[in-house]
Amino acid sequence: MRYLNIIAVMLFFTSTVHAAVTEDAYIAGYAAGVLKHGFGMEIPTLVVKDGIITVSEDKLKSENRAQIVQALSKIPGVAGVTIAEESVSRTAEREAFKPIQHPSVTSREPGAGTTETEAGVPAAGPTVLATGMLPEGHLFKPLLADPRWAHFSAAYRNYVGNNIDGNNNAAVSFGETIPFYRANFGQSTVQWEAGLQAAVFSDFNLGAPSADLINTDFIASAYGSVRAGHFSAFGRIYHQSSHLGDELLLRRLTDLERINLSYEGADLRLSYELPYGVRVYGGGGGIFHKEPSTIKPWSIQYGVEFRSPWRIAFLPLRPIVAVDLKNHQQNDWNADVSARAGVQLDHFRAFGRNLQFLVEYFHGNSPTGQFFRQRVDYLGIGAHYHF
């Protein structure tokens, strides 16, 4: 039976790779036809890898480059279009016709839009993503160290000092950012998308007999994002509510103040991607229709991230480091510091997904809704899954 399982896995992997190669060949032929019949251009060595079309910038006319990129991005199966320097395009051509192996050209980050040279140094412009209903990827990258960014995760956290309910906690989240529609602004390569972001965040006391639920936060929002080159923006109108766990209430009924925490708010974040995988971002927002009504509304957020453009040679791992800071008026503008570092598994990807293993550190007012007044410090480790 074990050997049958191994054979089945091998057959599945082979069929998946073959399907990907076939789809890329189909896209390359389709794109060559669009360029020839729509724009009078012939590019005999058009490169397509994992649904990303790479075109050398010297082969595109500047006056209709935006229209060409738009036309290519609308081809069925295309995830994005990258305009590369001529040397990068030649590198991509060589890689496209190599036997399947661990490639030196990086696997793509949805929305990241950088191609790498053989040395691993970014040398191409941002990718213009596919448009239309339910598109792949995101114009605005996830905030890796934000404790309340919607995604799937599971983490262990050890609190240093006093915590509201035990020092050994588990934290899980379920959610995602789902783009409903993406398009370009006019005839430019500036893109916008609109969609839904929602998540549930729960904390558990691992020291309790039944790993009692401590608190659950629900967040739902309608968002819009924009990308122009390496600049991107993300704005949303959201609802958040916080609910204590039943077991916690039963055990601590007499000494625990329950807060009926619920509010709506709006915020905006701006991001810019620098060379060599560095990204900076910042923004702020406010809340309204809040309960309790005494909560002060304003907050700011800012941070820096490093997603390595280099990959460990013998493993499909990419180092990641991120620091996120928040200041809330409610907490006298004290800084909440969240830092995470670890690796991303590039080959554990399908349909634009990636898996990260990160260690984390937090210092500040608790991100857990009911306990936002409490100062906490914790160390943890977790797995994070992004679509």
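The structure we're discussing is the one just above.
Our subject in this report is the structure included herewith.

Conventions used here
Residues numbered from 1 in each chain as written. Predicted model: local features only at pLDDT ≥ 70, side-chain atom pairs only at ≥ 80, totals over all residues. Heavy atoms only, no water. Core = buried A, V, L, I, M, F, W, Y, C linked by side-chain atoms within 4.5 Å. Buried < 20%, exposed > 50% of the residue type's maximum accessible area, 1.4 Å probe, protein only. Helix = DSSP H or I, 4+ residues; strand = E, 2+ residues; numbered from the N terminus. Phe/Tyr/Trp six-rings, centres within 6.5 Å; stacked < 30°, edge-to-face > 60°. Contact = heavy atoms within 4.5 Å. Polar contact = N/O pair within 3.5 Å; in protein donor to acceptor, adjacent residues only side chain to side chain.

Next up on the list: the nonpolar core. Ranked by size, the top nonpolar core spans 19 residues in total, and within it L35, L46, I53, V55, L72 and V81 carry the most contacts. If you list the elements that add at least two residues to this core, you get α1 (2-39), β2 (52-56), α2 (65-73) and β3 (80-84). With five residues, the top contributor of residues to this core is α1. Core analysis: the second largest hydrophobic core is formed by seven residues, Y263, I287, I295 and F372 among them.

As enumerated under the stated definition, the model contains 13 aromatic pairs in all. With 5.7 Å between their ring centres and 50° between their planes, Y181 and W192 make a pair best called tilted. Within this pair, whereas Y181 is found in strand β7 (residues 168-184), its partner W192 is found in strand β8 (residues 191-205), the two being separated by 11 residues in sequence. For Y181, a relative accessible area of 35% corresponds to the partly exposed category. An aromatic cluster is built from F140, W149, Y223 and F234, whose rings are joined through pairwise contacts.

Structurally, S366 can be placed in the loop between β16 (354-365) and β17 (375-386). Measuring from C-alpha to C-alpha, the distance between S366 and P147 comes to 9.9 Å, with 219 residues separating the pair along the chain. The residues contacting S366, other than those within four sequence positions of it, are F371, F372, Q374 and V376. Only 3.1 Å separates the side chain of S366 from the backbone nitrogen of T368, close enough to count as a polar contact.

Another aspect to go through is the side chain of R318. Here R318 is to be found in strand β14 (residues 317-328). Looking at R318, the relative accessible area reads 3%, which means it is buried. There is a polar contact of 3.1 Å between the side chain of R318 and the backbone oxygen of S308. A polar contact of 3.4 Å, which involves the side chain of R318, links it to the backbone oxygen of P309.

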